[in-house]
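Commentary on secondary and tertiary structure
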Amino acid sequence: MVESSAVPGVRELPPIRPGDTGLPLLGRALDYARDPMALFRRQWEHYGPVAPIRILGSTRVMLLGPDACEAALRNRGKAFVSGPAWTRVVGPFFRRGLMFLDFDEHLLHRRIMQHAFTRRRLESYSAAMHPAIETTLARWEPGRSFRAYPALKKLTLAIATDTFMGGAPDTTPDEMDRINRAFVDCVQSAGAIVHADLPFTRWHRAHRGRRTLDRFLRHYLPERRATRTDDLFSVLCHIESEDGERFSDDDVVNHMIFLLMAAHDTSTITLSTMLQYLGQHPEWQQRCRRESLALGPRPDLRELEDLTSLDLAMKECLRLRAPVPVVVRRTVADTEVLGTRIPADTDVVVTPQFSHMMPEYWTDPLAFDPDRFAADRREDRSHPYAWEPFGGGVHKCLGMYFAGGEVKAVMHHLLRGHQWRVDPGYVAPINNHSLPFPSDGQPIDLDRR
């Protein structure tokens with residue numbers, strides 16, 4: 001152990017081991033893209049919970065395990081910031097979204113936005129989801145090797161536009177496909193090597209996508225400013241803080257782009273994961289179906305929350321495949337995590353997905369076992385940050401309850417109207433360049449009931 005002369009008893013960050021820097025320029029970026037969990041385990045075994053790593057030409061710090069993740073996410077000493085770190089990853093494409101803001105500015109925007117996620121509004125959003133789900137599922141064409149992921153992505157975007165925007169009545173299906181593609185391009189910017197708006201690069205496609213999303217929302221903005229309805233777009237146009245502060249047009253557009261992405265991309269990942277595991281475990285599919293069949297076709301939010309088996313399955317799928325497997329931070333001051341000093345101006349990678357798979361906290365962590373979340377076991381309580389799919393601290397996902405209601409509403413309709421099978425030996429080929437998704441489209445054998 002090498003102690004820091006500045007802080008007695010605190011270790012300096014260990015040097016990267018010889019031969020452990022990875023490829024020139026790329027560093028360990030391709031290792032992450034191939035198999036994040038293998039990289040996490042390797043880092044943990046070589047360095048422990050505070051691990052140096054070379055990625056895209058710079059040395060960063062990877063925080064592994066719930067204790068290290070908690071230190072960054074709770075951020076008691078305010079040494080970690082979110083905005084500069086995410087700006088480096090996804091640049092201007094989700095600028096000024098809530099995860100890009102820090103400290104007083106973040107608190108102000110979050111306090112205003114909380115008015116859009118009150119219980120009453122969540123109940124309203126939940127009721128508005130059912131028509132969009134029914135309409136979209138009616139168009140599905142079941143069969144063998146039905147590609148569930150792209151179908152779900154169209155569905156969740158339809159839910160997001162209906163619920164968050166009150167619909168987009170003069171937008172054609174082809175235009176909605178372009179909107180969907182624009183979100184994909186913006187999210188995929190996270191895997192870019194070249195951070196410049198140059199032809200044929202991820203950032204070029206993301207810049208084009210951001211312009212598409214901006215035009216789409218600004219087209220509807222004057223109408224939402226002029227009317228008061230219960231959709232989120234209108235709410236953001238009119239809500240204000242206790243001191244009378246309101247969002248500007250740019251604030252509304254920036255928050256809507258970020259929220260629409262979060263509301264449909266992450267939910268799509270969770271839903272496709274649930275279709276895989278419930279297709280591979282028919283006893284759990286039937287257990288969930290029995291509860292849904294006991295309800296009517298359009299349950300309210302409270303009834304959705306009471307779908308116990310579906311809740312257990314959802315939590316287990318969020319553990320097995322966290323929609324956001326890592327989050328990033330940057331230090332603005334020297335800080336200490338678990339006895340190791342991290343210098344100021346260091347990029348930090350926080351790894352919730354690794355915590356989800358640690359045998360120290362989970363029984364047989366690779367197994368699909370939703371009952372681990374049941375009241376008599378509650379393995380997620382083995383550590384406050386053992387299960388953290390929605391993050392933690394002041395940046396914990398503001399829409400987590402909306403997301404839970406959305407996922408359960410879609411699954412409720414699917415369970416009542418469909419049944420599906422997935423080969424027990426199937427392993428999803430996950431694209432990890434940004435948010436994880438099945439590169440084969442998540443094939444399932446789907447039938448109507």
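Our subject is the structure listed above.
A brief look at the structure comes next. What you see is a predicted model, and the numbers here were worked out from it, not measured in a lab.

**Describing the overall build of the protein chain**
Check the secondary structure of the protein chain and you find 16 helices and twelve strands. Expected size for 449 residues packed as a compact globule is a radius of gyration near 22 Å; at 22 Å, the protein chain falls within 12% of this value. Structurally, the protein chain occupies a C-alpha span of about 65 × 50 × 45 Å along its principal axes. Across the 449 residues of the protein chain, 57% fall into the buried class. One way to put it: in the protein chain the 58 positive side-chain charges average out to a point 3 Å from where the 58 negative ones average out.

**Topic: empty space enclosed by the protein**
Gaps left between atoms are located by rolling a probe of water-molecule size over the structure's atoms. Tallied over the full model, the rule gives two cavities of 30 Å³ or more. Taken as a whole, the largest cavity holds about 50 Å³ of empty space. What lines the largest cavity is R60, A85, R88, V89, V328, R329, D347, V348 and V349. Those elements giving two or more residues to the lining of the largest cavity turn out to be α4 (83-90), β5 (327-331) and β8 (347-350). Along the lines of polarity and charge, the residues of the lining of the largest cavity split into five nonpolar, no polar and four charged. By volume, the second largest cavity amounts to about 30 Å³. What lines the second largest cavity is L122, Y125, S126, M129, L301, Y401, F402 and G405. When residues of the lining of the second largest cavity are traced back to their parent elements, those giving at least two are α6 (119-139) and α16 (400-417). Per element, the largest residue contribution to the lining of the second largest cavity is four residues, and it comes from α6.

**Here's the deal with the nonpolar core**
Membership of the largest hydrophobic core comes to 137 residues, with the highest contact counts inside it found for L63, F94, M256 and M411. Per-element tally for this core: the top contributor is helix α11 (residues 249-280), with 15 residues.

**Describing the pattern of salt bridges**
Per the counting criterion, the structure on display carries 34 salt bridges. When the shortest N-O distance is used, the salt bridge between R302 and D306 registers 3.2 Å. R319 is the partner of E316 in a salt bridge, and the nearest nitrogen-oxygen pair spans 2.8 Å. Note that E316 and R319 are positioned in helix α14 (residues 308-320) at a spacing of three residues, about one turn of the helix.

**Considerations on the pairing of β8**
Looking along a regular strand, one sees side chains alternate from face to face of the sheet. The alternating pattern of β8 places D347 and V349 on one face and V348 and V350 on the opposite face, and all of these are buried. In this sheet, β8 lies alongside strand β2 (residues 58-63) in parallel orientation, the contact comprising three bridges. When the bridges of β8 are listed, V61 appears paired with V348. Sheet topology note: the β5/β8 ladder contains four bridges and is antiparallel. Bridge pairing links R330 to D347 in β8.

**Looking at the packing of aromatic side chains**
The final tally for this structure, using the stated rule, is 16 aromatic pairs. Their ring planes at 55° and their centres at 6.1 Å tell us that Y32 and F40 sit as a pair that is tilted. Taking relative accessible area as the criterion, Y32 reaches 17% and is therefore assigned buried. Note on F164 and F402: the rings are 4.7 Å apart at their centroids and 40° apart in plane angle, and the pair reads as tilted. Residue F164 is found in helix α7 (residues 148-165), and its partner F402 is found in helix α16; the two are separated by 238 residues along the sequence. A relative accessible area of 1% means that F164 is categorised as buried. F402 gets classed as buried once you look at its relative accessible area, which sits at 5%. Aromatic rings pair up to connect Y32, F40, W44 and F354 into one cluster. Sitting over the face of the ring of W362, R319 holds its NZ or CZ atom 5.3 Å from the ring centroid.

Calculation notes
Residues numbered from 1 in each chain as written. Predicted model: local features only at pLDDT ≥ 70, side-chain atom pairs only at ≥ 80, totals over all residues. Heavy atoms only, no water. Helix = DSSP H or I, 4+ residues; strand = E, 2+ residues; numbered from the N terminus. Rg over C-alpha atoms; globule rule 2.2 N^0.38 Å. Buried < 20%, exposed > 50% of the residue type's maximum accessible area, 1.4 Å probe, protein only. Lys, Arg positive; Asp, Glu negative; His and termini not counted. Charge placed at Lys NZ, Arg CZ, Asp CG, Glu CD. 1 Å grid on protein atoms, 1.4 Å probe; cavity = no way out; pocket = protein on both sides within 12 Å on 5 of 7 lines; lining within 4 Å. Points joined across faces, edges and corners; volume = space filled by probe spheres on them. Nonpolar A, V, L, I, M, F, W, Y, C, P; charged D, E, K, R; others polar. Core = buried A, V, L, I, M, F, W, Y, C linked by side-chain atoms within 4.5 Å. Salt bridge = Lys/Arg side-chain N within 4 Å of Asp/Glu carboxyl O. Pairing = 2+ DSSP bridges. Phe/Tyr/Trp six-rings, centres within 6.5 Å; stacked < 30°, edge-to-face > 60°. Lys NZ or Arg CZ within 6 Å of the ring centre and 35° of its normal.

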